[in-house]
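# Chains, contacts and geometry: an overview
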Amino acid sequence: MITTMETMTKRQKKDIRLLTGFVRLYCAGHHGETSRVDVRLPADLGTVPLCGECGQLLSYAVSKRLSCPLEGEKPSCKRCRIHCYGDRERQKIRQVMAWAGKRMIMSGRLAYLWHYLF
Ligand SMILES: [Zn+2]
């Protein structure tokens, strides 16, 4: 479960919306028959139905994004000096973004996060 934050920057909100979009697309494409539960997003971002595995990944990614100590300092996570993700989570989110990113590009949506994070 993600802790509700009172204040988020516009950039944080944008990133979290995009992260959610990626994970949701991936989950729909890979875990079609799995039962889903609503994962609550911070502040006013609502909920998203995901399977257990994807819900965990998204919660992890969102909490990392919200607790980033370098907010405003760096141009992208790709060039970050901290690399706050664990190896396993990093592999997983890259996999999600590679798969979902291709589909977003094909459907004409801007793959901003793809460049931003990895
Ligand atoms: Zn899933």
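Residues numbered from 1 in each chain as written. Predicted model: local features only at pLDDT ≥ 70, side-chain atom pairs only at ≥ 80, totals over all residues. Heavy atoms only, no water.

If you check an unreviewed UniProt entry, the chain appears there as Nitrous oxide-stimulated promoter family protein from Pelobacter propionicus.

## Structural notes on the nonpolar core
Put simply, the test is: Only buried residues count toward a nonpolar core, which is a set of Ala, Val, Leu, Ile, Met, Phe, Trp, Tyr and Cys residues joined through side-chain atoms within 4.5 Å. Exposure is judged per residue with a 1.4 Å probe applied to protein chains only, and the accessible area is read against the type maximum: over 50% gives exposed, under 20% gives buried, and values in between give partly exposed. The helix and strand labels rest on DSSP assignments: H or I over at least four residues marks a helix, E over at least two residues marks a strand, and numbering proceeds from the N terminus.
Counting 25 residues, the largest nonpolar core has Ile 16, Val 23, Leu 50, Cys 54, Leu 58 and Ile 93 as the members making the most contacts within it. Residue assignment for this core shows that the elements contributing at least two residues are α1 (10–30), β2 (47–50), α2 (52–66) and α3 (87–106).

## Some words on the coordination of the zinc ion
Angles at a metal have ideal values that depend on geometry: 109.5 degrees with four tetrahedral donors, 90 or 180 degrees with six octahedral donors. The line we're drawing: Each metal site lists N, O and S donors within 2.8 Å (3.2 Å for Na, K and Ca). With water left out of the atoms, a site can look as if it is missing ligands. Under the classification used here, a metal with four donors is tetrahedral if each angle lies between 85 and 135 degrees, square planar if opposite donors are over 155 degrees apart and the others between 65 and 115, a six-donor metal meeting that same test is octahedral, and anything else is irregular.
Coordination of the zinc ion by the protein comes from Cys 27 (SG), His 31 (ND1), Cys 51 (SG) and Cys 54 (SG), over a distance range of 1.9 to 2.3 Å. With 4 donor atoms in place around the zinc ion and angles of 101 to 125° between them, the coordination shape is tetrahedral. Coordination of the zinc ion draws on donor residues from a single chain, spaced C-x3-H-x19-C-x2-C in sequence. Looking at His 31, the relative accessible area reads 14%, which means it is buried.

## Quick word on α2
To keep things clear, this is the line we draw: A helix is expected to span 1.5 Å for every residue after the first.
With 15 residues, α2 extends 21 Å between its outermost C-alpha atoms, agreeing within 8% with the 21 Å of an ideal straight helix rising 1.5 Å per residue. Along α2, the residues that are buried comprise Cys 54, Gly 55, Leu 57, Leu 58, Ser 59, Ala 61, Val 62, Arg 65 and Leu 66.

## Description of the side chain of His 31
Heads up, the condition is: Contacts are residue-level and defined by heavy atoms, with any inter-residue pair within 4.5 Å sufficient.
Relative to the elements of secondary structure, His 31 occurs in the loop between α1 and β1 (37–40). Those residues in contact with His 31, other than ones at most four positions away along the chain, are Tyr 26, Arg 36, Cys 51, Glu 53 and Cys 54.

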